[in-house]
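# Coordinate inspection notes
Residue strings, one per chain:
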Amino acid sequence: MASSPAAPMFRRRRTQAPRPAAPAPSPGDSPGGDDDGEYDDLCCEECGSGDSPAELLLCDKCDRGYHLFCLRPILVSVPKGSWFCNSCSNQKKVKSFPLVQTKIVDFFRIQKPSTPRKKPIEDSPRKRKRVGSLVMSKKRRKLLPFNPSEDPDRRLEQMRSLATALLASGTRFSDDLTYRRGMTPRSANQASLEKAGMQVLSKEDTETLNLCKRMMDRGECPPLMVVFDPLEGFTVEADRFIKDLTIVTEYVGDVDYLEKREDDDGDSMMTLLSAADPAKSLVICPYKHGNVARFINGINNHTPEGKRKQNLKCVRYDVDGECRVLLIANRDIPKGERLYYDYNGVEGK
């Protein structure tokens, strides 16, 4: 009995759609001898071009092709597992988290405050006085806690926007680094292993960071709004004025060894520890657990446009012997401005 013909080589292959320059078949060729021909003229459904075949992504249901850069939001890499185009996935509009206080309190595990909140720092920009003293200059570099919105209803709106993004991305809220079984033990997070050394967060700034954590625990979140952009996907905007040197948030997620994540196609991994021994280097993976930092976009600050848009600095600190990553305002940020941090800056500068 003759064997059944092999399945097409490129069937359901999600990228690198073939466009081989094969010669036209001769009259004597078998009509079923090459199944790859059906993909020779594959073009992007959005732009109509067959250029950049390595960037063409095939739907696992209809086999139509789409350039990664033509999709909205853009995909930076081939997704793991099956991928379906909008027509085949029946993709619906992102469902907003209900604006119900009890549901938001449960989602973020908000604790009832035991002490009244102190009067917030004034959030209007002030003119800085010139000072010649080195001591005064150093004092000015102290980190500031974020200043929550005073209106509790507005804070509910902000937390609702974050809950919506987290649910849509399948992420569980966490405001701390998480250490899961089968990944990296907490004992591996040792700032002393950093190959170039890591700056130590001062006692005063550590207290400021802890204050930010306590505010978040009681539902006083950073004044940020997560919005959906058709080009960038979920992204974050300042919902009130943010002063220079403000701790906006900590970059958190599951901690894992870099060598185990080298082939990870996620675009949100963050360096936590760059050790002299590569086997001890760590990264933060905010896919299963994370906070608002996951939705703040990185930007190439080596370009003029990137330098203009960057308003956060990504800095790694030694906090009580462990590595932590903070996103800190590197200039005053007006309300409504979208947040961008440097993904290729000199960490620890």
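Residues numbered from 1 in each chain as written. Predicted model: local features only at pLDDT ≥ 70, side-chain atom pairs only at ≥ 80, totals over all residues. Heavy atoms only, no water.

## Some remarks on the overall build of the chain
Within the chain, the secondary structure is distributed over six helices and 15 strands. A total of 349 residues make up the chain; the buried ones form 42% of that total. By sequence separation, contacts in the chain at least 24 residues apart represent 72% of the contacts at least 6 residues apart. Per element, the accessible surface of the chain, about 20200 Å² overall, is 50% carbon and sulfur. (Helix = DSSP H or I, 4+ residues; strand = E, 2+ residues; numbered from the N terminus. Buried < 20%, exposed > 50% of the residue type's maximum accessible area, 1.4 Å probe, protein only. Contact = heavy atoms within 4.5 Å. Areas by Shrake-Rupley, 256 points an atom, 1.4 Å probe, with all protein chains shown as cover.)

## Quick word on the side chain of Thr208
By the secondary structure assignment, Thr208 is in helix α5 (residues 203-217). Those residues in contact with Thr208 that sit more than four places away from it in its chain are Leu143, Leu144, Pro145 and Ile247.

## Some words on the packing of aromatic side chains
Enumeration according to the criterion identifies six aromatic pairs in this entry. Both rings, one in Phe108 and one in Phe173, keep their centres 4.8 Å apart while their planes meet at 75°; by these two values the pair is edge-to-face. Of this pair, Phe108 sits in helix α2 (residues 101-108) while Phe173 sits in strand β4 (residues 172-173); the two residues are 65 residues apart in sequence, bridging distant segments of the chain. By the burial criterion, Phe108 is buried, and Phe173 matches it. (Phe/Tyr/Trp six-rings, centres within 6.5 Å; stacked < 30°, edge-to-face > 60°.)

## Digging into the confidence of the model for the chain
Residues with a pLDDT of 70 or more make up 75% of the chain, whose mean pLDDT is 81. Contacts for the low-pLDDT stretch residues 29-36, under 50 throughout, to residues beyond four places or in other chains number five contacts. Across residues 345-349, where pLDDT falls below 50, the model places nine contacts with residues more than four positions away in sequence or in other chains. (pLDDT = per-residue confidence, 0-100.)

## Quick notes on the sheet that holds strand β9 (residues 270-273)
Taken together, the three strands give an open sheet; going across it, the order is β8-β10-β9, and neighbouring strands pair in antiparallel fashion. If you trace the sheet from one side to the other, it starts and ends with β8 (254-257) and β9, each paired once. Recorded for the sheet is a direction-independent mean angle of 40° between the axes of neighbouring strands. Relative to strand β10 (residues 282-285), β9 is paired through three bridges, and the arrangement is antiparallel. Residue Thr271 lies in a different strand from β10, and its bridge partner there is Val283. (Pairing = 2+ DSSP bridges. Axes fitted to C-alpha atoms, helices over the stretch in contact; angles between N-to-C directions.)

## What about the pattern of salt bridges?
Applying the stated criterion across every chain yields a total of 17 salt bridges. Across the pair Asp175 and Lys213 runs a salt bridge whose closest N-O atoms are separated by 3.7 Å. Of this pair, Asp175 sits in the loop between β4 and α5 while Lys213 sits in helix α5, and the two are 38 residues apart along the sequence. The same class applies to Asp175 as to Lys213, namely buried. Taking the shortest distance from any N to any O, the salt bridge between Glu250 and Lys213 comes out at 2.7 Å. Here Glu250 is found in strand β7 (residues 246-250), whereas its partner Lys213 is found in helix α5, with 37 residues between them in sequence. Each member of the pair, Glu250 as well as Lys213, carries the same accessibility label: buried. Salt bridges linked by common partners bring Asp175, Asp176, Lys213, Glu250 and Arg324 together as one network. (Salt bridge = Lys/Arg side-chain N within 4 Å of Asp/Glu carboxyl O.)

## Here we look at the environment of Leu245
Among the secondary structure elements, Leu245 is positioned in the loop between β6 (233-238) and β7. According to the relative accessible area criterion, Leu245 is buried, its value standing at 8%. In sequence terms Leu245 and Ala329 are 84 residues apart; their C-alpha atoms lie 4.9 Å from each other.

## Some words on a nonpolar patch on the surface
Among the surface-exposed residues, Phe69, Ile74 and Leu231 lie close enough to one another that they form a single nonpolar patch of about 240 Å² accessible area. Residue placement: Phe69 occurs in the loop between β2 (65-67) and α1 (86-89). Among the residues examined, Phe69 registers a relative accessible area of 38% and is labelled partly exposed. (Patch = residues over 30% accessible without salt bridge, like charges linked within 9 Å, V, L, I, M, F, W, Y side chains within 5 Å.)

## Comments concerning the side chain of Glu322
Structurally, the position occupied by Glu322 is in strand β14 (residues 322-329). Among the polar contacts listed, one links the side chain of Glu322 to the side chain of Arg186, at a separation of 2.8 Å. In this structure, Glu322 is in contact with Arg186, Asn189, Ala191 and Tyr317, ignoring residues within four places of it in sequence. (Polar contact = N/O pair within 3.5 Å; in protein donor to acceptor, adjacent residues only side chain to side chain.)

## With respect to the nonpolar core
Residues Phe108, Leu312 and Leu339 are the most contacted members of the largest nonpolar core, which totals 46 residues. For this core, the secondary-structure elements that each account for two or more residues are α2, α4 (152-168), β5 (224-229), β6, β9, β10, β13 (312-319) and β14. Considering each element in turn, this core owes the most residues, six residues, to α4. Contact partners of Leu312, with chain neighbours within four places excluded, come to Val248, Ile296, Leu327, Ile328, Ala329, Asn330, Ile333, Leu339, Tyr340, Tyr341 and Asp342. By size, the runner-up hydrophobic cluster in this structure holds 13 residues, among which are Phe146, Met215, Val315 and Tyr317. (Core = buried A, V, L, I, M, F, W, Y, C linked by side-chain atoms within 4.5 Å.)

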